Amino acid sequence: MSAEQIFTNANVVLADEVIQGTVVIKDGVITAIDAGNSMNPSALNLHGEYLIPGLVELHTDNLEKHMSPRPAVAWPSIAAMISHDNQIASAGITTVFDAISIGDISPKSTRLASLTPMIEALDYSQKHGITRSEHKLHFRCEVAHPETWEIFNANIGNEHVGLVSLMDHTPGQRQFEEMSHYRIYYRQKYGLTADEMSEFEARQIANAEQYSEKYRLDIADFCRRNQIVMASHDDATENHVLESFNLGMKIAEFPTTVEAASHSAQRDLRVLMGAPNIVRGGSHSGNVAASTLAKQDLLHILSSDYYPGSLIQAAFILTQEGIGFDLPKAIRTVSKNPAEAVNLRDRGEISIGKKADLLQVGLHGEQPLIRTVWKSGKRVI
């Protein structure tokens, strides 16, 4: 039997309030939460800093960056996984859904070549316990890609899959309704000439006409029958949201308008927005600002997306004047809410019986500083 661990003199961020008190854990599980300080000499004194639940990340492509740190460079997959995990854990993320692209839209991307090595690296790392955080799979299905259904079928049986999102990056709709934004984004990202860009657009539109509807319906049907949580992506209109709702989506990833976010919330889809959007003060694609949705109480979940360290920073920004979340509500967007959205009921909050995934967080001015990270009671940072 393991000894008790006692954290005391902490501002403990519970689901609905902050208390100055003590948390006790044993065998990786929270066993007691009390107001006031412990007199036990073995207790760890947090000196009045925050004790918050470990962060839960549902959508990050950060692993891809470590797999291919430069164009045409393929990094050894296990080493890439460990490097990615170190960055995730140091950002306070104790449960992460690594977003893996099923299908692609880029003429120069290595995503499909990296898919199998990434999945194998994740499987290996979880089997052998070599990561600090717990890693699961989020399959991002690009429904306009010719090979999406075949790749999906070949990989969906993986035991770590916990989330599937349906994406359609066809030009002129959803994330890139404004064609000027679409052309700037893809020409800069992939270094396309004007002629290459025109060919790229035409190919994406033709693929969408042939594959999008069929693959969207087939994948959604499979997920419903197998009780796999689904997310929509870049919904822009009420009709988009209605389609997502009818297909059985539970999460609305990155709605691009207030209209789509509002209709999603009305239908009990949890609205997920990017933490970088909060930190930067707006969308890099010219879509709705996440802070706008927060002010209208239309923001339920934050995702670090492409920058792991943004998650904790964005949560604290939500508490600033002008947005006005209290701290428990802000922390729920990066812990309890995402955990519940993917049916992980054993984590995401400081509560008796939950996993002892915990962070000690201090503040330097308004900047949160992650001091220590515990995963199931084990210190990992």
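To keep things clear, this report deals only with the structure shown in the data block. Everything numeric in this text was worked out from a predicted model, so none of it was measured.

1. A word on the sheet that holds strand E13 (residues 301-303)
And then number 1: Read across the sheet, eight strands follow the order E6-E7-E8-E9-E10-E11-E12-E13 without closing on themselves; strand pairing throughout is parallel. For this open sheet the edge positions go to strand E6 (55-60) and E13, each flanked by a neighbour on one side alone. Recorded for the sheet is a direction-independent mean angle of 25 degrees between the axes of neighbouring strands.
And then number 2: One ladder, built from eight bridges, connects strand E7 (residues 93-102) with strand E8 (residues 134-142); its direction is parallel. The residue of E8 that forms the bridge with Ile-100 is Phe-139.

2. Quick word on a nonpolar patch on the surface
And then number 1: Judged by side-chain polarity, Ile-78, Ile-82, Tyr-124 and Ile-130 come together as a nonpolar surface patch covering roughly 300 Å² of accessible area.
And then number 2: Since its relative accessible area comes to 36%, Ile-130 is described here as partly exposed.

3. Section: the pairing of E8
And then number 1: When you tally the buried positions in E8, you get nine out of nine residues, the bulk of the element.
And then number 2: By the alternation rule, side chains of E8 split into Glu-134, Lys-136, His-138, Arg-140 and Glu-142 and His-135, Leu-137, Phe-139 and Cys-141, which are all buried.
And then number 3: As paired elements, E8 and strand E9 (residues 161-167) share six bridges and run parallel to each other. The residue bridging Phe-139 from the neighbouring strand is Val-164, located in E9.

4. Thoughts on the environment of Asp-346
And then number 1: Structurally, Asp-346 can be placed in the loop between helix H13 (336-341) and strand E14 (358-364).
And then number 2: A C-alpha to C-alpha distance of 9.8 Å links Asp-346 and Lys-336, two positions ten residues apart in sequence.
And then number 3: Setting aside residues no more than four positions away along its own chain, Asp-346 makes contact with Lys-354 and Lys-355.
And then number 4: One polar contact links Asp-346 to Arg-347, side chain to side chain, over a distance of 2.9 Å.

Calculation criteria
Residues numbered from 1 in each chain as written. Predicted model: local features only at pLDDT ≥ 70, side-chain atom pairs only at ≥ 80, totals over all residues. Heavy atoms only, no water. Pairing = 2+ DSSP bridges. Helix = DSSP H or I, 4+ residues; strand = E, 2+ residues; numbered from the N terminus. Axes fitted to C-alpha atoms, helices over the stretch in contact; angles between N-to-C directions. Patch = residues over 30% accessible without salt bridge, like charges linked within 9 Å, V, L, I, M, F, W, Y side chains within 5 Å. Areas by Shrake-Rupley, 256 points an atom, 1.4 Å probe, with all protein chains shown as cover. Salt bridge = Lys/Arg side-chain N within 4 Å of Asp/Glu carboxyl O. Buried < 20%, exposed > 50% of the residue type's maximum accessible area, 1.4 Å probe, protein only. Contact = heavy atoms within 4.5 Å. Polar contact = N/O pair within 3.5 Å; in protein donor to acceptor, adjacent residues only side chain to side chain.

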